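Reading the structure
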Amino acid sequence: MKTRTRFAPSPTGYMHIGNLRTALYEYLIAKASGGDFILRIEDTDQKRYVEGAVDIIYNTLKTVGIRWDEGPDVGGDFGPYVQSERKDLYAPYAHKLVELGGAHYCFCGEREEQVDEEGNEIICKFEDPCKKIPLEEAKKRIAAGEPYVIRQTINKTGKSKYEDKVYGLIEIDYDELDEGVLLKSDGFPTYNFANVIDDHLMGITHVVRGNEYLPSTPKYNLMYDTFGWQRPVYVHLPPVMKDAQHKLSKRNGDASFQDLVAKGYLPEAIINYIALLGWNPGTEEEIFSIAELAKIFSVERLNKSPAIFDIVKLTWMNGMYIRALPAERFHQLAQPYYKDVPAFVDQEALSRTLQPRIETLTQISEQIDFIVALPAFQAELYANKKMKTDAAVARANLPAIREVLAGQIEWNNDALFAALKALAEKLGVKNGQILYPARIALSGKETTPGGATEIAVILGREETLRRLDAAIAALN
RNA sequence: GGUCCCAUCGUCUAGCGGCCUAGGACACCGCCCUCUCACGGCGGUAACGCGAGUUCGAGUCUCGCUGGGAUCACCA
């Protein structure tokens, strides 16, 4: 049978990293076996619906290269793919489940929080008194217009067992299960119910989701069993953590995919990194495109312990991706950060020296500040022990440097470097005593991306000579 | 609190009884390369939570403890 997985987000805001990773794994599980990946929007809770959230989901999946075979916008044979549009489909199943003895009508109203003498919340498994109401009587009350919900009926004896692909055998006493609401009084199904119905109707073979569902899965199994449907394969995933204690969450404003992109991370790097948060290929390779992942992914290598999201390692990986970019592509991605760059700058040369030196695109801004505007600097900046240079050396050599550069025909790094090296030889000084002062004069900064000659190329001849003149004047 | 789940370097992880004096990657430190910085190359520091047991032999199996997480809604 063809593998079918689904990503079923609720449109309540942006996509956080944990969510994205779940979608990724669902996609990879399907694709690794030539199956289909389905997108379904779970919007049964109108209270939490956030405008625009669906577009964020679409855009995020698209930019990371996750393509869905069926979904709200692309259609498919099992639609509609938005739960609110499937609303009328659930109630008949709920009533059928009542007939089959797997659920019952309940007239209790919303459950109140139970509190003991000391004000502590009493945690107890809910066993609904309404399940004792004879079915005929319940139907009469409903016919009379009394509001009701449909609750799952659970026989509290015995043990539930199921096999999870990552956690293995899970056993839970039926006594632990709550007789939860399946169909709300507004006629909408709860997640618990809609999920089972939709997964079955859409032919989902592998249910992949967070491990917070581990304890409630027996409830779903009960429904599958009562309906006589085949249970899906379960793949429960450990959470992605912010630190040892806390999950990554939207509420805390933890990094979302969009945030990371805005911070200069490449979608490919983000996907590569999060794929490795809880899964590994069993080899020592760690750079993978999503297409490569789709070939080698296997649930067997999924980890069961939580993984902490480490921005530092993501940053390293992003640097790897940036360096691997074709020069033109990098140049293109850098454009937004070149807004304030003066016209005299050779932007392509700038991109060439920047590309191996940054790990996130946003670092471009801080790297190029001295190009945008030469900072004011003190003569002490010329001092460098290792280069054996100081203000006096600068004062002595800068005019000769200026002269050489002014006479330079070919304005590229190799030519400039050769010319200045020749000057050092001619003057009988170390290369550093020429190049270091030149770099300081051109940049006004102790450290810069690239050396004196690279900077000269970026600045162009005129600006280079202008900055040299200014530096010479300042030293006298 | 009941129940369920988890537990190897700071972090991501390899390890499915002997190949482990525990391997890789990030980070960190040192050296090399070098016109500063970065890239790149080389090397180093650093972990099996604790205690019993099983076994000739345990990071690997079992139990207990400890620590952490999850779950117990007309939210998903």
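Per chain, the residues get numbers from 1 upward, laid out in the order the sequence is written. Ligands are numbered from 1 and chains lettered from A, in the order in which they are written. Reporting in this predicted model follows two pLDDT cut-offs: at least 70 for local features of residues, and 80 or more for side-chain atom pairs to be given and counted; totals over whole chains, interfaces and linings ignore these cut-offs and use all residues. As a rule here, side-chain values cover all heavy atoms of the structure and leave hydrogens and water aside.

So, about unusual backbone geometry. Although it is not a glycine, Lys-388 sits at a positive phi angle of roughly 55°. Tracing the chain through its elements places Lys-388 in the loop between helix H14 (369-372) and helix H15 (391-406). Per-residue accessibility, obtained with a 1.4 Å probe over protein chains only, is compared with the maximum for each type, and a residue is labelled buried under 20%, exposed over 50%, and partly exposed between these values. Residue classification places Lys-388 among the exposed positions, given a relative accessible area of 52%. Numbering of helices and strands runs from the N terminus, with a helix taken as a DSSP run of H or I at least four residues long and a strand as a DSSP run of E at least two residues long.

For the rest of this paragraph, the subject is the environment of Asp-88. Within the secondary structure, Asp-88 sits in helix H3 (residues 87-99). Counting along the chain gives 104 residues from Asp-88 to Asn-192, while the straight-line C-alpha distance between them is 16 Å.

With that settled, the discussion passes to the protein's contact with RNA strand B. Nearness here has a simple test: a residue counts as near a molecule or strand if at least one of its heavy atoms is within 4 Å of that partner. Around RNA strand B there are 66 residues in total, and Asn-280, Glu-286, Arg-357, Gly-450 and Gly-451 lie nearest to it. For RNA strand B, the backbone portion of the atoms within 4 Å of the protein, that is sugar and phosphate, comes to 69%. We define a polar contact as two N or O atoms separated by no more than 3.5 Å, with the added condition that, inside protein, one atom must be a possible hydrogen donor and the other a possible acceptor, whereas residues neighbouring each other in sequence contribute only through side-chain atom pairs. A distance of 3.4 Å is found between a sugar or linking oxygen of RNA strand B and a backbone nitrogen or oxygen belonging to Glu-446. Mapped by element, the contributors of at least two residues to the surface near RNA strand B are strand S4 (149-152), strand S6 (168-173), helix H5 (191-201), strand S11 (307-308), helix H10 (311-324), helix H16 (413-427), helix H17 (431-443) and helix H18 (452-475). Here the surface near RNA strand B takes four residues from H10, the largest share from any one element. Polarity classes work like this: nonpolar for Ala, Val, Leu, Ile, Met, Phe, Trp, Tyr, Cys and Pro, charged for Asp, Glu, Lys and Arg, and polar for all others, with Gly in that last group. Classifying every residue of the surface near RNA strand B by side-chain character gives 25 nonpolar, 17 polar and 24 charged.

On to the state of the cysteines, then. The bond known as a disulfide is covalent and runs between the sulfur atoms of two cysteines. Only a pair of cysteine sulfur atoms within 2.5 Å qualifies as a disulfide here. Taken as a whole and assessed by the stated rule, the structure comprises zero disulfides. A disulfide-free cysteine, Cys-106 has its sulfur positioned 3.5 Å from the sulfur of Cys-108, the nearest such atom. For Cys-106, a relative accessible area of 2% gives the class buried. Of all cysteine sulfurs, the one in Cys-108 lies closest to Cys-130, which takes part in no disulfide; the gap is 3.3 Å.

The values are spatial; any link to function lies outside them.
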